[in-house]
Amino acid sequence: MSEKSDEREADACPEWCVGAHSENDEGHVSSTVIVPVVAARGVDGFGAQPVECEITMFQHRESPEEWVYIGWGSTSTHGLGIEVSRESAYRLACALTGFLREIGG
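Residues numbered from 1 in each chain as written. Predicted model: local features only at pLDDT ≥ 70, side-chain atom pairs only at ≥ 80, totals over all residues. Heavy atoms only, no water.

### Overview of the state of the cysteines
- For the structure on display, the rule yields 0 disulfides.
- The thiol of cysteine 13 is unpaired, and the distance to the nearest cysteine sulfur, on cysteine 17, comes to 3.8 Å.
- Classification of cysteine 13 by relative accessible area gives partly exposed; the value is 39%. (Disulfide = S-S within 2.5 Å. Buried < 20%, exposed > 50% of the residue type's maximum accessible area, 1.4 Å probe, protein only.)

### Overview of the pattern of salt bridges
- The full count for this structure, using the stated rule, is 2 salt bridges.
- For the salt bridge of arginine 61 with aspartate 25, the shortest nitrogen-to-oxygen distance reads 2.8 Å. Of this pair, arginine 61 sits in the loop between strand 3 (49–60) and strand 4 (67–72) while aspartate 25 sits in the loop between helix 1 (3–10) and strand 1 (27–29), placing them 36 residues apart in sequence.
- Note on aspartate 25: relative accessible area 18%, which makes it buried. (Salt bridge = Lys/Arg side-chain N within 4 Å of Asp/Glu carboxyl O. Helix = DSSP H or I, 4+ residues; strand = E, 2+ residues; numbered from the N terminus.)

### Details of helix 2 (residues 86–102)
- Here helix 2 contains 17 residues, and its C-alpha end-to-end distance of 24 Å stays within 8% of the 24 Å for a straight helix at 1.5 Å per residue.
- Where helix 2 terminates, the next one or two residues include glycine 104, which has phi positive at roughly 85°. (Expected span 1.5 Å × (residues − 1).)

### Describing a nonpolar patch on the surface
- A surface patch of nonpolar side chains, amounting to about 390 Å² of accessible area, comprises Leu96, Phe99, Leu100 and Ile103.
- Mapping leucine 100 onto the fold places it in helix 2. (Patch = residues over 30% accessible without salt bridge, like charges linked within 9 Å, V, L, I, M, F, W, Y side chains within 5 Å. Areas by Shrake-Rupley, 256 points an atom, 1.4 Å probe, with all protein chains shown as cover.)

### Considerations on the environment of isoleucine 82
- Within the secondary structure layout, isoleucine 82 lies in strand 5 (residues 80–85).
- The exposure class of isoleucine 82 is partly exposed, given its relative accessible area of 42%.
- Once the C-alpha coordinates of isoleucine 82 and isoleucine 55 are considered, the two residues, 27 residues apart in sequence, prove to be 10.0 Å apart.
- In this structure isoleucine 82 touches Val68, Tyr69, Ile70 and Leu92, once residues within four positions along its chain are discounted. (Contact = heavy atoms within 4.5 Å.)

### Quick notes on the confidence of the model for the protein
- Summarising the model, the protein shows a mean pLDDT of 81, and 77% of its residues fall at 70 or more.
- Put simply, helix 1 is where the protein has its lowest mean pLDDT, 46, and helix 2 is where it has its highest, 96.
- Ignoring residues within four places in sequence, the model shows residues 4–10, a span with pLDDT below 50, making 9 contacts including any to other chains. (pLDDT = per-residue confidence, 0-100.)

Structure representation (structure tokens):
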């Protein structure tokens, strides 16, 4: 067994990982949730455009951190979005829910 194979077996996949691993992969990746949204093209909100927002979790091979990508266009195609820690994603979800309740949304 090669040293790389031993390394990969020792680094077991998290339960959310759906990646088919190879020696050259970047790490773990979850399934993607697609959410249809309407995005503003400009700051003033004019030119609204329907897009498919993607939500995906990933973990780089050499890092213990889990990251959540939220945006349109995948991270591999340099789409428009943000990558935040798993904990930050929870805080964003709670803050957005609270904000919408507060303003009556």
